[in-house]
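Chain by chain, the residues run as shown.
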Amino acid sequence: MTFFKTTTAVLFTLAATSGAFAQDVTLRFQHFVSPKSANPTYFMQPWADKIEADSNGRIKVELYPFMQLGGKAPNQYDLIRDGAVDGGWVIPGYQPGRFPEAEAMELPFMVTKSGEAASKAAWQFTEKYLMDDFKDVKVIAAHMHGPGIVHKKGAAIAEVEDFEGLKLRGPSRPATLLLDKMGATPIGMPVPAFPEALSKGVVDGGVITWEMSPSLKLNELTDSHTDVAGEKSLYNLYFIWAMNQAKYDSLPDDLKAVIDANSGLMASAWAGSAHDQGDVVGKAAMEADGNEIATLNEEQTARIRALGEEVTADWIAEMTEKGLDGAALVEDARAFVAGN
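Conventions and cut-offs
- Residues numbered from 1 in each chain as written.
- Predicted model: local features only at pLDDT ≥ 70, side-chain atom pairs only at ≥ 80, totals over all residues.
- Heavy atoms only, no water.
- Pairing = 2+ DSSP bridges.
- Helix = DSSP H or I, 4+ residues; strand = E, 2+ residues; numbered from the N terminus.
- Axes fitted to C-alpha atoms, helices over the stretch in contact; angles between N-to-C directions.
- Phe/Tyr/Trp six-rings, centres within 6.5 Å; stacked < 30°, edge-to-face > 60°.
- Buried < 20%, exposed > 50% of the residue type's maximum accessible area, 1.4 Å probe, protein only.
- pLDDT = per-residue confidence, 0-100.
- Contact = heavy atoms within 4.5 Å.
- Core = buried A, V, L, I, M, F, W, Y, C linked by side-chain atoms within 4.5 Å.
- Salt bridge = Lys/Arg side-chain N within 4 Å of Asp/Glu carboxyl O.
- Expected span 1.5 Å × (residues − 1).
- Arc of directions from axis to C-beta.

(A) Spotlight on the sheet that holds strand E8 (residues 205-209). On the basis of which strands lie adjacent, the open sheet formed by six strands has the order E7-E6-E8-E5-E9-E11 and mixed pairing. In this open sheet, the two edge strands, each paired with only one partner strand, are strand E7 (185-188) and strand E11 (292-295). When the angles between neighbouring strand axes are averaged without regard to direction, this sheet yields 30°. Of the strand pairs in this sheet, strand E5 (residues 148-152) and strand E9 (residues 224-227) are connected by three bridges, and their pairing is antiparallel. Paired with His151 across the strands is His225, a residue of E9.

(B) The packing of aromatic side chains, seen in detail. Under the criterion given, the structure shown has 13 aromatic pairs. Between Phe29 and Trp241, the aromatic rings sit 4.9 Å apart at their centres with planes inclined by 40°, giving tilted as the arrangement. Placement of Phe29 in strand E1 (residues 25-30) and of Trp241 in strand E10 (residues 238-244) is noted, with a sequence separation of 212 residues between them. For Phe29, a relative accessible area of 0% gives the class buried. For the ring pair Trp89 and Phe239, a centre distance of 4.8 Å and an interplane angle of 10° mean the geometry is stacked. Of this pair, Trp89 sits in strand E3 (residues 87-90) while Phe239 sits in strand E10, and the two are 150 residues apart along the sequence. Given a relative accessible area of 4%, Phe239 falls into the buried group.

(C) The confidence of the model for the protein chain, seen in detail. Here the protein chain averages 93 in pLDDT, while 93% of its residues score no lower than 70. Every residue in residues 1-21 is under pLDDT 50, and counting partners more than four places away or in other chains gives four contacts.

(D) Structural context of the environment of Val85. Within the secondary structure, Val85 is located in the loop between helix H3 (76-82) and E3. The class of Val85 is buried, set by a relative accessible area of 2%. The contacts of Val85, once residues within four sequence positions are left out, are Arg28, Gln30, Leu69, Gln76, Leu79, Ile80 and Asn244.

(E) Representation of the nonpolar core in the model. Core analysis: the biggest nonpolar cluster contains 98 residues, and Met105, Tyr238, Trp241 and Ile304 have the highest contact counts within it. In contact with Ile304, not counting residues within four places along its chain, are Phe109, Val160, Phe163, Leu178, Met182, Val228, Leu234 and Leu296.

(F) Up close: the pattern of salt bridges. Tallied over the entire structure, the rule returns 17 salt bridges. The salt bridge partner of Glu103 is Arg173, with a shortest N-O separation of 2.8 Å. Placement of the pair is Glu103 in the loop between E3 and helix H4 (115-129) and Arg173 in helix H5 (residues 173-181), with a sequence separation of 70 residues. The partner of Lys181 in a salt bridge is Asp314, with the nearest N and O atoms 3.4 Å apart. Remark: Asp314 occurs in helix H11 (residues 298-321) and Lys181 occurs in helix H5; sequence separation between them is 133 residues. Given the relative accessible area of 44%, Asp314 is considered partly exposed. Through salt bridges with shared partners, one network takes in Asp78, Arg81, Asp82 and Arg98.

(G) Quick peek at helix H12 (residues 326-338). In a regular helix each residue adds 1.5 Å, so 13 residues correspond to 18 Å; H12 covers 18 Å between its end C-alpha atoms and thus fits that length. All of the buried residues in H12 are Gly326, Leu329, Val330, Asp332, Ala333 and Val337. In an axial view of H12, the angular spread of the buried residues amounts to 165°, which keeps them on one side of the axis. Opposite the buried face of H12, by more than 90 degrees, sit the exposed residues Glu331 and Ala338. Residues of H12 that are buried make contact with H4 and H11.

(H) Representation of helix H9 (residues 253-261). Restricting attention to buried positions, one finds in H9 the residues Leu255, Lys256, Val258 and Ile259. Down the axis of H9, the smallest arc covering the buried residues is 150°, so these residues share one side. Among the exposed residues of H9, those oriented more than 90 degrees off its buried face are Asp253 and Ala261. Summarising the contacts, the buried residues of H9 are in contact with E1, helix H2 (38-54), strand E2 (59-64), strand E4 (137-144), E10 and helix H8 (245-249).

This is how it looks when you write it as structure tokens:
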């Protein structure tokens, strides 16, 4: 009997130290779009799968689209901070004024039309300026989408004057400031509200990416899609993929290492690349339905760029009044973009 007890104890100890009794963790991450849209398809789900594979199955990441765990898209940061969810996708610009420095990356014509390149710059900018702003959460990635396109009912935009009087959805403060400069009536709203606003005539159109167009049924709800000329995007949006800090801190060191290995510049570039892949599919879907696809000429694009420079100058002055170095923020944002 003594031998049996001793042997059992030894086997139990060996099993425990070999990992048979190692901690298993389920992380619930939430986002606010269709699971079939680009970022969930090409980044979030593959990232979740990689976390599971790299942890030998000890971490399971469950993804919940359409805010299924509760709350609204603008409150996602607080839901993650407070532990209502373990992690998720955040657009800081959905809370105007709360994270002002992040707006530097969203200024008109700031980033290239490559989501991957823009996202590398976004991570570098985040490391330098925003980690204190996001100190309440574990930032896994900071990224941008591809080019922002004007989608509207009726004919495509041909000149700046065509914006006059249009009610257009804008996703962020810099985007709505530019729309206002162009003569439109900007209406700020999160992406989940856009299709209903279009169908009810609350807006005539709005700015959003190619990749989101199919999941929002913009082939049915709008008639035309207009981009600007050149390599820079009319507008862009800044995102973070983040985790509850206490949940991260509760992980054993080897599982923290798995999260860390799938964070930072690599994860940010991956998330941006997901949008690039989705843009190809989204644009093709709009073309296949016979919608008008247009690009403004160089002259009209230059006029909009000039208005964008006014937005940037106003923003720098506003940040300076708040005690921030707006000029340095813009200069560094541009430098990071140029380096990628």
